Amino acid sequence: MEQEQVNSIAQIEAAPTLEALEEMRVKALGKSGWVTAQLKSLGGMSDEERKAQGPIIHAIRTTVTTAIENRKAALEDAALEAKLAAETIDLSLPAPEQPRGTIHPVSQVMDELAEIFADMGFSVATGPEIEDDWHNFTALNMPESHPARAMHDTFYFPDKDAEGRDMLLRTHTSPVQIRSMISQGAPLRIIAPGRVYRSDSDATHTPMFHQVEGLVIDKGIHLGHLKWTLETFLKAFFEREDIVLRLRPSYFPFTEPSVEVDVGFKLEGGRRVLGGSGDAPGHGWMELLGSGMVNRKVIEYGGLDPDEWQGFAFGVGVDRLAMLKYGMDDLRAFFDGDVRWLQHYGFSPLDVPTLSAGVGAVA
Ligand code: DAH
């Protein structure tokens, strides 16, 4: 009996698996187990014998039960340790090498614009690239016979829409002015970045390019608000305080008066660098964008009363802004999809423009 206990305990302590341990438990404590048999044998003993054997047999049962419990806990711990060890990640390993995409400069500049104008209370509005001629022209004070329509080199679709309007690829982002006034009413502060299309192609023109439209409608708006807004925007965008603007009288059907905005630059190593007055020696003026006070007729087309509401608008080429800021010289390369160009001029996805960290991160 003594020997049986010693063997059994040794086996339990050496049980290699939980399954093997369970087998041993059955052999000792199961219905026909040897400990159970000893417990049963107490019934056939004399009082005397039972008094002597009882405590011994119960002690054996306790010893065996405890040994099984300990071994079970040890085996479970070992299993957990093995699982944790197998799932370990070595954080000191280098990140796997994989092809990295970049953010296109146009996307980056659009994010920069949204960030800068959000700070001035503008929200981002959008409109369809497949437009009708009412939104693209008529409501912007370009009636059918207007010569400006011919100047836009418009791509037309062969079919009219359900209302009999000619359909086209929008030639500018200005129709978003009309759509925003109609859907949101006044007051209004929006920018509308997006793709526009004209049948035109050379080193500085592509059939598809990007513009951003700006529109403010409120009470008592005047040219001073326009100039301040553009100055504030351009200073933030080019990250320099010495941006100087020149407003020249111009003409657009949708603004009255209209102003063309030039920005001062100087030549540095054959490159045009923005900053300073264009009138200073060695400096010049570069035409940058079109703008003006929203024409009364356009405010009416937008469903608002021009005696109550006034506003200013502007439109500027996003690709051109990107070229000026990041120093590319061929617009066509923007849309070639050449991976080498994108690697060189693209931005890291983590390089999110913020006003606090700077919107002018270097590519
Ligand atoms: N839509 C004009 C264009 O594509 C740009 C423009 C000029 C937009 C003056 C405006 C503006 O909002 O006021 O050439």
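Structure: see above.
Residues numbered from 1 in each chain as written. Predicted model: local features only at pLDDT ≥ 70, side-chain atom pairs only at ≥ 80, totals over all residues. Heavy atoms only, no water.

> Tell me what's going on with the nonpolar core, and back it up with residues and numbers.
Within the largest apolar cluster, 44 residues are counted, with the highest numbers of intra-cluster contacts made by Val109, Leu113, Phe233, Phe237, Phe314, Leu321 and Phe334. Looking at this core, the elements with two or more residues in it are helix H5 (105-118), strand E6 (208-218), helix H9 (223-238), strand E8 (255-268), strand E10 (283-294), strand E11 (310-317) and helix H11 (318-326). Residues in contact with leucine 321, not counting those within four places in the same chain, are Val109, Leu113, Phe233, Phe237, Phe238, Leu288 and Val316. Membership of the second largest hydrophobic core comes to 23 residues, among which are Ile178, Ala192, Ile217 and Phe254. (Core = buried A, V, L, I, M, F, W, Y, C linked by side-chain atoms within 4.5 Å. Buried < 20%, exposed > 50% of the residue type's maximum accessible area, 1.4 Å probe, protein only. Helix = DSSP H or I, 4+ residues; strand = E, 2+ residues; numbered from the N terminus. Contact = heavy atoms within 4.5 Å.)

> Can you break down the site of the ligand residue by residue, with the values?
Lining the immediate surroundings of the ligand are 15 residues, of which His172, Ser174, Arg198, Gln211 and Glu213 lie closest. A distance of 3.0 Å is found between a nitrogen atom of the ligand and a side-chain nitrogen or oxygen belonging to serine 174. Taking glutamate 213, its side chain carries an N or O atom lying 2.6 Å from an oxygen atom of the ligand. Relative to its free-state accessible area of 350 Å², the ligand is covered by the protein chains to the extent of 90%. Residue assignment for the shell around the ligand shows that the elements contributing at least two residues are E6, E10 and E11. Classifying every residue of the shell around the ligand gives four nonpolar, nine polar and two charged. (Near = heavy atom within 4 Å. Polar contact = N/O pair within 3.5 Å; in protein donor to acceptor, adjacent residues only side chain to side chain. Areas by Shrake-Rupley, 256 points an atom, 1.4 Å probe, with all protein chains shown as cover. Nonpolar A, V, L, I, M, F, W, Y, C, P; charged D, E, K, R; others polar.)

> Break down the packing of aromatic side chains for me, citing the residues and quoting the values.
According to the stated counting rule, one finds 11 aromatic pairs in the structure shown. Taking 4.9 Å as the distance between ring centres and 70 degrees as the angle between the ring planes, the aromatic pair formed by tyrosine 326 and phenylalanine 347 counts as edge-to-face. Within this pair, whereas tyrosine 326 is found in helix H11, its partner phenylalanine 347 is found in the segment after helix H12 (339-345), the two being separated by 21 residues in sequence. Both residues of the pair, tyrosine 326 and phenylalanine 347, count as buried. Their ring planes at 50 degrees and their centres at 5.2 Å tell us that phenylalanine 334 and tryptophan 341 sit as a pair that is tilted. Using a relative accessible area of 3% as the deciding quantity, one classes phenylalanine 334 as buried. Residue class for tryptophan 341 comes out buried when judged on its relative accessible area of 13%. (Phe/Tyr/Trp six-rings, centres within 6.5 Å; stacked < 30°, edge-to-face > 60°.)

> Describe the environment of glutamate 22, with residues and values.
Here glutamate 22 is to be found in helix H2 (residues 18-29). Classification of glutamate 22 as partly exposed rests on a relative accessible area of 40%. Residues glutamate 22 and alanine 37, 15 residues apart in the sequence, show an inter-C-alpha distance of 18 Å.

> Quick one: what's the story with unusual backbone geometry, residue by residue and with numbers?
A cis amide bond links alanine 186 to the next residue, proline 187, at an omega of -5 degrees. Looking at the element boundaries, proline 187 is found in the loop between helix H8 (175-184) and strand E5 (188-197). One non-glycine residue, asparagine 141, lies in positive phi territory at about 65 degrees. Within the secondary structure layout, asparagine 141 lies in the loop between helix H6 (133-136) and helix H7 (147-151). The exposure class of asparagine 141 is buried, given its relative accessible area of 15%.

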